[in-house]
Amino acid sequence: MNVKFVDGLVESLKGHAPLPEDEGNPIYKLLQDKELRGNTIGQLVGALHEHRPMEKDSLGEEKLSAQKDTRILYDATENRVTFAVVGREPKADGTYNAYANVTLQRGDDKQWHVDSFFTSLDPTGFEKEEAERYVDIGEGVSTAYGKNDQKFVADFLQSMTKGEDMWGALTDADHMGRMDTVFAGARKQEQARLAAGEKPIALFKIKDGHFPGRFDYDASGETREERRVSVAPVMARKDR
């Protein structure tokens, strides 16, 4: 898969045609390419998330499918790409509500692997106290999936681009039934951090970057804590 092919696919997504279901996961295919830069992968994930194919309503008339409640913004270098799952509309200060932050790093083996995966301790949103706490499940995903950790992230992102909510996307990606173990380990690690006197995990505020689809960190706060924000997990719209 080369850059020209990816550029062509990104452009074709603007035409609102449904994606072929038998082509597999294009994000995973990108991650298999040892030559593509993180920026190219970020562009495609963002384009897939913004893709709105035409569909028929109850009257049989063609219309654009619903816009997602979230955006997936990216920040990347040649061998790193970070995806931020945020609310679609910015707040008054120009920053977005943040729901997850996933970073992939390309290792010495030229393969992409999970570096960190920050998300709510309860992505279902049912346990309010846990829903508002954040953990890094990156180590748990790497341990549970080994070299297939990139497949887990690719399937999570693909599910999000189809309009799924956070928990739905995580379970869609969990082909080996290990999510409970991953979150149990993350909960234990976070409890140990807090017991040691460390502050709860939170996500940096982000805002639109200089290029469409990318993000910058907002450093307008006076202290490190004021530059951080976390919110409860995003839930799927009821009309989906």
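Relevant structure appears above.
Because the structure is predicted, anything quoted here is derived from the model rather than measured.

### Looking at the sheet that holds strand β6 (residues 112-120)
Whether parallel or antiparallel, the strands of a sheet pair through hydrogen bonds between backbone atoms.
Part 1 of the argument: Ordered in space as β3-β4-β5-β6-β7, the five strands form an open sheet in which the pairing is antiparallel. This sheet does not close on itself; its edge strands, each paired only once, are β3 (70-77) and β7 (134-136). Mean inter-strand twist for the sheet, computed between neighbouring axes without regard to direction, equals 15°.
Part 2 of the argument: Against the sheet, helix α6 (residues 149-161) contacts β3, β4 (80-87), β5 (98-106) and β6, and its axis sits at roughly 50° relative to β6.
Part 3 of the argument: Together, β6 and β7 form the strand contacts of helix α8 (residues 179-195), whose direction differs from that of β7 by roughly 110°.

### Observations concerning the nonpolar core
Part 1 of the argument: In terms of nonpolar packing, the biggest core is built from 50 residues, with F83, F117, I137, F152 and F156 touching the most fellow members.
Part 2 of the argument: A total of six residues in this core trace back to one element, the largest contributor, which is α6.
Part 3 of the argument: Leave out the neighbours within four places in its chain, and I137 touches F117, T119, L170, V182, F183 and A186.
Part 4 of the argument: Formed by six residues, the second largest nonpolar core is a distinct cluster that contains L73, A84, Y96 and I206.

### Thoughts on the pattern of salt bridges
Part 1 of the argument: Following the criterion strictly, the structure yields ten salt bridges and no others.
Part 2 of the argument: Among the salt bridges present, the one from R214 reaches D75, with a minimum N-O distance of 3.7 Å. In this pair, R214 is assigned in the loop between β9 (206-208) and β10 (215-217) and D75 in strand β3, connecting sequence segments 139 residues apart.
Part 3 of the argument: Exposure remark for R214: the relative accessible area of 18% places this residue in the buried category.
Part 4 of the argument: The partner of E130 in a salt bridge is R187, with the nearest N and O atoms 3.2 Å apart. Here the residue E130 occupies a position in helix α4 (residues 128-131), and R187 occupies one in helix α8, the gap between them amounting to 57 residues.
Part 5 of the argument: Members of the salt-bridge network, linked through shared partners, are D75, R80 and R214.

### A closer look at the pairing of β5
A regular strand places its side chains on the two faces of the sheet in alternate fashion.
Part 1 of the argument: Counting buried positions along β5 gives eight out of nine residues, so the element sits mostly inside the fold.
Part 2 of the argument: By the bridge criterion, seven bridges tie β4 to β5 in an arrangement that is antiparallel. Looking at the pairing, V86 lines up with A98 of β5.
Part 3 of the argument: Bridge count for β5 against β6 is seven bridges, and the pairing is antiparallel. Paired with Q105 across the two strands is H113, which belongs to β6.
Part 4 of the argument: Linkage of β5 to β6, two consecutive antiparallel strands, is achieved through a turn of five residues, within which K110 is found at a positive phi near 70°.

### Some words on the environment of T181
Part 1 of the argument: The residue T181 is located in helix α8 in this model.
Part 2 of the argument: In this structure, the C-alpha to C-alpha distance between T181 and R88, residues 93 residues apart in sequence, is 31 Å.

### Focus: the packing of aromatic side chains
Part 1 of the argument: Within this structure, the stated rule accounts for six aromatic pairs.
Part 2 of the argument: Taken together, the ring pairs connect F117, Y145, F152 and F156 into an aromatic cluster.

### Quick word on the packing of α6 against helix α7 (residues 166-173)
Packed helices, taken two at a time, are described by the angle their axes make and the gap between the axes.
Part 1 of the argument: Relative orientation of the contacting elements α6 and α7 amounts to 140°, with a least axis distance of 8 Å. If you check the angle between α6 and α7, you find them oblique. Helix-helix and strand crossings are classified by hand; for α6 and α7 the assignment is right-handed. The residues of α7 that touch α6, namely those facing F152, D155, F156, S159 and M160, are M166, G168, A169, L170, D172 and A173.

Procedures and definitions
- Residues numbered from 1 in each chain as written.
- Predicted model: local features only at pLDDT ≥ 70, side-chain atom pairs only at ≥ 80, totals over all residues.
- Heavy atoms only, no water.
- Pairing = 2+ DSSP bridges.
- Helix = DSSP H or I, 4+ residues; strand = E, 2+ residues; numbered from the N terminus.
- Axes fitted to C-alpha atoms, helices over the stretch in contact; angles between N-to-C directions.
- Contact = heavy atoms within 4.5 Å.
- Core = buried A, V, L, I, M, F, W, Y, C linked by side-chain atoms within 4.5 Å.
- Buried < 20%, exposed > 50% of the residue type's maximum accessible area, 1.4 Å probe, protein only.
- Salt bridge = Lys/Arg side-chain N within 4 Å of Asp/Glu carboxyl O.
- Phe/Tyr/Trp six-rings, centres within 6.5 Å; stacked < 30°, edge-to-face > 60°.
- Parallel < 35°, antiparallel > 145°, perpendicular 65-115°, else oblique.
- Left-handed = near helix turned anticlockwise from the far one by under 90°.

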